[in-house]
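# A closer look at the structure
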Amino acid sequence: MAKIIKFNPRGEEPEKRPKRGGEEKEKPKGEKTIKVPAKGEKRESPLKGTLENAKPLTQEDFDKLFEALREGLKRLYPSQVEDVLGFTGLGEKNGNRAFAVGLVIWKRYGVEHPYTSTAVLLFENNELKKVSFLEAKNNYWDWRTMIKLHKGEFHTEEIFNRFMELVRGQFRV
């Protein structure tokens, strides 16, 4: 339903129309009201970690995440990804979640040479939950949104910008 906002250049208040149906509807009993945070107010989820708990990923962590990345990309893109050949990047872990930015080397079905793609990845319980490729036009998740969304639990902007400096990438946050 669209709402039309009337603009009066003289600054006068627009006339208020009476509501349709006469009286206001009463709220049914038993219905709970959910408080929505005000604009600019942040709501913390008890499931998410805090930024102070974030630690850089080690080589052992990357080895575990590589297997999760391999299985996750085959699951998310079954008609395209034949195999994941390599992964390098930067990242942090926070509890059972990990955030990484890196280069994924993968093999596509029916193509001889491998592809290299820059990706922003989120893992949870050693399983790939979200992936966004910077070079792709259509993604399940937008990489800019992922960086902003997970900023409260990881140093996402710093990781992303540092990785782009290392690979001389064109993107910055």
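As a reminder, the structure under discussion sits directly above these lines.
Attention in this report is confined to the structure presented alongside it. Quick caveat, the model's predicted, so the values are computed rather than measured. Numbering of residues begins from 1 in every chain and follows the order in which that chain's sequence is written. Reporting in this predicted model follows two pLDDT cut-offs: at least 70 for local features of residues, and 80 or more for side-chain atom pairs to be given and counted; totals over whole chains, interfaces and linings ignore these cut-offs and use all residues. For side-chain calculations, the full set of non-hydrogen atoms in the structure is used, while hydrogens and water are omitted.

### Here we look at the nonpolar core
Remark: nonpolar core denotes a set of buried residues (Ala, Val, Leu, Ile, Met, Phe, Trp, Tyr, Cys) joined through side-chain atoms within 4.5 Å. Think of it in three bands: residues with accessible area under 20% of the maximum for their type are buried, residues over 50% are exposed, and the middle band is partly exposed, with areas taken using a 1.4 Å probe on protein chains only. Leu69, Leu73, Phe87, Val104, Leu121, Phe123 and Val131 are the most contacted members of the largest nonpolar core, which has 21 residues in total. Strands are runs of DSSP state E lasting at least 2 residues, helices are runs of H or I lasting at least 4, and numbering of each runs from the N terminus. For this core, the elements supplying multiple residues, two or more each, are helix H1 (59-76), strand E2 (81-94), strand E3 (97-108), strand E4 (115-124) and strand E5 (128-133). Listed in part, the 13 residues of the second largest apolar core include Val120, Leu134, Met146 and Phe163.

### Concerning the pattern of salt bridges
By salt bridge we mean one thing: a side-chain nitrogen of Lys or Arg within 4 Å of a carboxyl oxygen of Asp or Glu. Per the counting criterion, the structure on display carries nine salt bridges. Here aspartate 61 ties to lysine 93 by a salt bridge, and the two come within 3.1 Å at their closest N and O atoms. Of this pair, aspartate 61 sits in helix H1 while lysine 93 sits in strand E2; the two residues are 32 residues apart in sequence, bridging distant segments of the chain. A relative accessible area of 13% places aspartate 61 in the buried class. Note that arginine 162 is salt-bridged to glutamate 165, the shortest N-O span being 3.3 Å. In this pair, arginine 162 and glutamate 165 both sit in helix H3 (residues 156-166), three residues apart, roughly one turn of the helix. One salt-bridge network, held together by shared partners, links Glu67, Arg70, Lys74 and Asp83.

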